[in-house]
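Residues per chain are reported as follows:
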2 protein chains.
Amino acid sequence: MATKGMDTKEKIVQSALDLIHTGGFCATSMNDIVEATGVKKGNLYFHYSGKDELGLAVIREARRQYNAYLRDRITGDTPFRRLESLLDAIVSFHRSRDFRGGCIFGNTALELGGQHEGFSDLIRDVFREWTVMLAGMIDNAKEAGEVREDIKTEVLARHIVALLEGGVMMSKLSGSDRDLTDCVKSITAMIRP
Amino acid sequence: MATKGMDTKEKIVQSALDLIHTGGFCATSMNDIVEATGVKKGNLYFHYSGKDELGLAVIREARRQYNAYLRDRITGDTPFRRLESLLDAIVSFHRSRDFRGGCIFGNTALELGGQHEGFSDLIRDVFREWTVMLAGMIDNAKEAGEVREDIKTEVLARHIVALLEGGVMMSKLSGSDRDLTDCVKSITAMIRP
């Protein structure tokens, strides 16, 4: 939500983020953003040359907010518990939105992945960042004997990212958190030694 | 690809399927379909009242083709091998397209899931159908002692559907089959007893 203290550029990006997260990139027009922000069209185009430039700023801001949200929620006294707390935070994030919009990164990847290299590169980076973070946590959990050793860390990390993206998609479609929570429960059971 | 023998309606649906699979529902216009098929606009609207009706016909046809493709490729002398052959067929399908367009069902679910109940219901059905098929195969494999017993069949089935959707998304984005093949390799390792 936009608040009074934000400057125009922040207000535009936050409104566009809300609209694109909920409705998708393709379905959100610059006019929708004008309406939602009350910022005049000329002013909007003064800050952003067009929807692509604004869309990239939105994905960067979504990445910054989501990563900060996750970082703040990683807790636990063993590497495995920290991994579980991360997965729980992801479930909570989407549950608190009633799965409205699902994952903005996955959505945008699917909508634009084949067409806009700028978006592909940026979202690839987001997924790579998550994979690296998960790999570090899995490595620590392996060292502590809390995760099975027979599957490569990087493979497990990529498995979890793909599973979460698919699980969020399924929960968005079904409107129930069961799809995502079942994915999380089964993966945490299956990666145990 | 449209061939000469098809009647107009089939030609429209197949062209629309190719366009929507590759470019997405939102980005494909009725004019694109007119151009791709050479069918006159009046004729197109004689068969389909609009993009939504055509889109639903496209998803139904995609489901029919994909399920027939999969059914033809399930082979193997044990339940586990049949499950593996199904997963291999899914990888081969997307690899043969160079992951162009990814999964038409997942894409459309993400693009329209929140907005069009007709699409949501249909795509939920597709995923449910796959889950039921997988659950049957997993149950058989459990009975044969080829799959771990400690995770409920339905949970495993939903896990695999979500994982495949996420894996196809990742491979589409990366342009490499490694994301999806790693998902398949790790899940077949982790569901073993």
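Residues numbered from 1 in each chain as written. Chains lettered and ligands numbered in written order. Predicted model: local features only at pLDDT ≥ 70, side-chain atom pairs only at ≥ 80, totals over all residues. Heavy atoms only, no water.

1. Let's talk about the relation of the copies chain A and chain B
- For the pair chain A and chain B, the superposition axis carries a translation of 0.0 Å, the fit reaches an RMSD of 0.0 Å, and the rotation angle comes to 180 degrees. In symmetry terms, the pair is related by a two-fold rotation axis.
- Interface overlap between copies: 100% of the residues of chain A at the interface are likewise at the interface in chain B, consistent with a symmetric, same-surface contact. (Least-squares fit on C-alpha atoms with pLDDT ≥ 70 in both. Contact = heavy atoms within 4.5 Å.)

2. Re the state of the cysteines
- Counted by the stated rule, this structure contains 1 disulfide over all chains.
- Here C26 of chain A is linked by a disulfide to C26 of chain B, with a sulfur-sulfur distance of 2.5 Å. Taking the sign of the torsion about the S-S bond as the criterion, the disulfide between C26 of chain A and C26 of chain B, at about -95 degrees, is left-handed. You can see C26 of chain A sitting in the loop between α1 (8-23) and α2 (30-37) and its partner C26 of chain B sitting in the loop between α1 (8-23) and α2 (30-37), one on each of two chains.
- Look at C26 of chain A and you get partly exposed, because its relative accessible area is 31%.
- Counting only cysteine sulfurs, C183 of chain B is the nearest neighbor of C103 of chain B, a cysteine outside any disulfide, at a range of 14 Å.
- Free of any disulfide, C183 of chain B has its nearest neighbouring cysteine sulfur in C183 of chain A, separated by 11 Å. (Disulfide = S-S within 2.5 Å. Helix = DSSP H or I, 4+ residues; strand = E, 2+ residues; numbered from the N terminus. Buried < 20%, exposed > 50% of the residue type's maximum accessible area, 1.4 Å probe, protein only.)

3. Some thoughts on the side chain of R158 of chain A
- Within the fold, R158 of chain A resides in helix α8 (residues 153-174).
- R158 of chain A gets classed as buried once you look at its relative accessible area, which sits at 9%.
- Excluding residues within four positions of it along the chain, R158 of chain A makes contact with T131 of chain A together with R178, D179 and D182 of chain B.

4. Quick look at the interface of chain A and chain B
- Between chain A and chain B, the contact holds 41 residues from the first and 41 residues from the second.
- Between chain A and chain B the total buried area reaches about 3500 Å² when both faces are included, carbon and sulfur atoms providing 70% of it.
- Interface area lost by chain A to chain B is led by L110, L173 and M190 of chain A, which between them contribute 21%.
- Summed over the shared surface of chain A and chain B, the number is 5 salt bridges.
- A salt bridge links D182 of chain A to R158 of chain B, with the shortest nitrogen-to-oxygen separation between them at 2.1 Å.
- Where chain A touches chain B, the interface holds 9 residue pairs in polar contact (both at pLDDT 80 or more).
- Elements with a minimum of two residues in the side of chain A that touches chain B: α6 (104-112), α7 (117-143), α8 and α9 (178-190) of chain A.
- Here the element with the most residues in the side of chain A that touches chain B is α8 of chain A; it accounts for 16 residues.
- Of the residues belonging to the side of chain A that touches chain B, the class tally is 20 nonpolar, 11 polar and 10 charged. (Buried area = accessible area lost by both parts, 1.4 Å probe. Salt bridge = Lys/Arg side-chain N within 4 Å of Asp/Glu carboxyl O. Polar contact = N/O pair within 3.5 Å; in protein donor to acceptor, adjacent residues only side chain to side chain. Nonpolar A, V, L, I, M, F, W, Y, C, P; charged D, E, K, R; others polar.)

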